[in-house]
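Secondary and tertiary structure notes
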Amino acid sequence: MARDVSTLGPSEGSLEAGDSARVRTPGLVGVYGAGVALAVALPLRGESLEVGRGTPSLGESEDPRMSRKHARIRFDGQRFWVTDLGSQNGTFVDGERLLVGAPREARRIIRMGSSLFVPSADVGPLERLGVERVDGFLRGPSFRGVLDEVARASRLGTSLHIHGESGTGKEGVARAFHSLGPRSTGPFIAVNCAAIPQALAERLLFGARRGAYSGAEADAQGYLQSADGGTLFLDEVVELDLSVQAKLLRVLETGEVLALGAAKPAKVDVRVCSASHQSLRALVAKGRLREDLYFRIGRPEVVLPPLRERPEELALLLQEQVHRVEPDMGTHVSLLEACLLRPWPGNVRELLVEIRGAVQKALAEGSRRVSSAHLGSGAGTAFGDGEAGPAAREVSAKARTLEGEERARVEAALRTHSGNVSAAARELGMHRTTLRRLLERWDLPSSEREEGDEP
Ligand SMILES: Nc1ncnc2c1ncn2[C@@H]1O[C@H](COP(=O)(O)OP(=O)(O)OP(=O)(O)O)[C@@H](O)[C@H]1O
């Protein structure tokens, strides 16, 4: 995998075995300062930490709205406390201004001047590893921890299950499982099981011989045959009917697939990576997933944390998206603060769509900075009461709408550039590899001319 942009903060190294046993370092994560997104760790080595303009970990670009001695942070072993030290522009916790000298528990976001900080029980991994960008994907410490598990699973096993909310980047992780393993030169076939009509699922997965059903005029390969020698990614695997699940299990156990209408099975050698936004164990208990299939594809499992638990990535993703849409557009601290306070049920996909909309609104107003006022009121907010978290079905409905919007934009860009992937990717402000993944996923055609066009 190509490391295409160097890291923010320390870049080399990975989470070592035994990392979890390491002593935790509580502290703050600086996510925004002086008009730019950051990902810096401010560890609390003693009992407390004074933060202000000139704090060394904040780097060279100083926030002029921060006072030299702005606020003190204390950690009592469980909770963080913030005290404003008489700053000129105030200290805010989750948007509420503190009285000078009166400590307040820091919950989610601390604003000092125009800088934002997130309390964290352990900033050690961020301090050591920073946030890196590989193949167009931003990877903070928690994502990289997941990728280390994926690398192990890829080297040692033949299956992997990814559990994560919609839009958290499960497909990117599935591709990592493929490319880090011994079959990386083989095909990677991604199938969204929620999008295939169940009446066609068998035919699409296992293939069909000519004449197997009326209208079958030629032999058709199934996804399993197409993935031979490589990896089959089954997104939302539980959407497959139980009878199809039984056939899939047989293929995985025997290494043979029997196409519809075929007299003899054919050998296939496929690694399976599956994904789900719900817990597979719970789905087994509800009778929606066969227990025997669970034991074949449900282990090992990696859990992708939702975007709201990866604030250091959220700020960087947001800023990158703003610059993709309009390179000269600035960001106002209120935009970052509002986004960091919202739960983003549609995760990265939702964030990217909503930020695009906010930039377009700012442009239409002739504004040079995107602020929270440009953000849609429903952007990133939970469905339902907003307290208990959205019901899974509602989340995926919203995610489907967002995916529809993303697809419409991609189709329009391809039409404008007559199917040329490089040109369309430039217009969309996304990496070519990302666009190719989306085209594969939606089975959209592209022009062969793209390769010669590479910048
Ligand atoms: N860490 C990241 N850095 C950059 N872009 C990301 C990152 N994670 C996800 N994305 C982008 O967010 C979008 C959604 O990601 P992806 O399709 O992998 O999510 P998913 O979990 O598979 O979603 P679903 O469950 O709905 O299929 C894609 O456009 C992807 O490129």
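The rules behind each value
- Residues numbered from 1 in each chain as written.
- Predicted model: local features only at pLDDT ≥ 70, side-chain atom pairs only at ≥ 80, totals over all residues.
- Heavy atoms only, no water.
- Phe/Tyr/Trp six-rings, centres within 6.5 Å; stacked < 30°, edge-to-face > 60°.
- Axes fitted to C-alpha atoms, helices over the stretch in contact; angles between N-to-C directions.
- Helix = DSSP H or I, 4+ residues; strand = E, 2+ residues; numbered from the N terminus.
- Parallel < 35°, antiparallel > 145°, perpendicular 65-115°, else oblique.
- Left-handed = near helix turned anticlockwise from the far one by under 90°.
- Contact = heavy atoms within 4.5 Å.
- Nonpolar A, V, L, I, M, F, W, Y, C, P; charged D, E, K, R; others polar.
- Buried < 20%, exposed > 50% of the residue type's maximum accessible area, 1.4 Å probe, protein only.
- Arc of directions from axis to C-beta.
- Core = buried A, V, L, I, M, F, W, Y, C linked by side-chain atoms within 4.5 Å.
- Domains from an automatic or database assignment.
- Near = heavy atom within 4 Å.
- Polar contact = N/O pair within 3.5 Å; in protein donor to acceptor, adjacent residues only side chain to side chain.
- Areas by Shrake-Rupley, 256 points an atom, 1.4 Å probe, with all protein chains shown as cover.
- Salt bridge = Lys/Arg side-chain N within 4 Å of Asp/Glu carboxyl O.
- Pairing = 2+ DSSP bridges.

Going by the annotation in an unreviewed UniProt entry, the name recorded for the protein chain is Regulatory protein, Fis family, with Myxococcus fulvus given as the source organism.

**Digging into the packing of aromatic side chains**
Enumeration over the complete set of coordinates arrives at 4 aromatic pairs. Between Phe75 and Phe80 the ring centres are 4.5 Å apart and the planes differ by 40 degrees, which places this aromatic pair in the tilted class.

**Digging into the packing of helix α9 (residues 311-325) against helix α10 (residues 333-341)**
For the pair α9 and α10, the least separation of the axes is 10 Å and the interaxial angle reads 135 degrees. Of the possible angle classes, the one that applies to α9 and α10 is oblique. Relative to α10, α9 is oriented so that their crossing is right-handed. Facing α9, whose interface residues are Pro311, Leu314, Ala315 and Leu318, α10 presents Leu335, Leu336, Cys339 and Leu340. Residues of the contact of α9 with α10, tallied by class, amount to 8 nonpolar, no polar and no charged.

**Description of the environment of Val303**
The residue Val303 is located in strand β20 (residues 301-304) in this model. Judged by relative accessible area, Val303 falls into the partly exposed class, the value being 47%. Setting aside chain neighbours within four positions, we find Val303 in contact with Val146 and His163.

**Comments concerning helix α4 (residues 198-206)**
Looking at α4, one finds that the buried residues are Ala201, Leu205 and Phe206. Along the axis of α4, the buried positions cluster into a sector of 80 degrees, meaning they face one direction only. One or two steps after α4, the chain reaches Gly207, where phi turns positive at roughly 85 degrees.

**Quick notes on the nonpolar core**
It is characteristic of soluble globular proteins that their nonpolar side chains tend to be buried jointly. By size, the foremost hydrophobic cluster in this structure holds 38 residues, and its most contacted members are Leu116, Leu314, Leu318, Cys339, Ile355, Val370 and Leu375. In terms of residue count, α9 provides more of this core than any other element does, 7 residues in total. Counting contributing residues per domain, this core is built from domain 1 (5-128) and domain 3 (310-374), each supplying no fewer than three. Setting aside chain neighbours within four positions, we find Leu318 in contact with Thr331, Leu335, Leu336, Cys339, Leu351 and Ile355. If you look at the next biggest cluster of nonpolar residues, it comprises 30 residues, including Leu249, Val270, Leu289 and Ile297.

**Some remarks on the site of the ligand**
Near the ligand there are 19 residues, and of these Leu138, Ser166, Lys170, Asp235 and Arg349 occur at the shortest range. Contact distances for the ligand include 2.7 Å between an oxygen atom and a side-chain N or O atom of Lys170. When the free accessible area of the ligand is taken as 640 Å², the share hidden by the protein chains comes to 93%. Broken down by element, the shell around the ligand gets its largest block of residues, 3 residues, from helix α3 (residues 170-179). Tallied by class, the residues present in the shell around the ligand amount to 5 nonpolar, 7 polar and 7 charged.

**Here we look at the side chain of Gln245**
By secondary structure assignment, the location of Gln245 is in helix α6 (residues 242-254). At a separation of 3.1 Å, a polar atom in the side chain of Gln245 contacts the main-chain carbonyl oxygen of Arg288. When near neighbours in sequence (up to four residues on either side) are disregarded, Gln245 contacts Val238, Leu240, Arg288, Leu289, Arg290 and Leu293.

**Concerning the pattern of salt bridges**
Inspection of every chain in the model, using the stated rule, returns 20 salt bridges. Among the ionic pairs, Glu62 bridges to Arg68, the shortest N-O distance being 3.6 Å. By relative accessible area, Glu62 is classed as partly exposed at 36%. Counted as one network, the salt bridges with shared partners bring together Glu50, Lys69 and Arg72.

**With respect to the sheet that holds strand β2 (residues 27-33)**
Whether parallel or antiparallel, the strands of a sheet pair through hydrogen bonds between backbone atoms. In spatial order, the strands read β3-β2-β11-β10-β7-β8; together these 6 strands make up an open sheet with antiparallel pairing. In the strand order of this sheet, the two ends are held by β3 (36-43) and β8 (96-97), each with one partner. Bridging between strand β7 (residues 91-93) and strand β10 (residues 110-112) involves 3 bridges; their strand directions are antiparallel. Residue Val93 lies in a different strand from β10, and its bridge partner there is Ile110. Helix-sheet contacts for α9 involve β2, β3 and β11 (115-120), and the interaxial angle to β3 is about 160 degrees. Set on the sheet, α10 makes contact with β2, β10 and β11; between it and β11 the angle comes to about 25 degrees.

**Describing the pairing of β3**
Burial within β3 is extensive, with 6 of its 8 residues counted as buried. The sheet contact formed by β2 and β3 spans 6 bridges and is antiparallel. The partner of Val29 across the bridge, within β3, is Ala41. If you look at the hairpin formed by β2 and β3, you'll find 2 residues sitting between the two strands, and Ala34 has a positive phi there, around 50 degrees.

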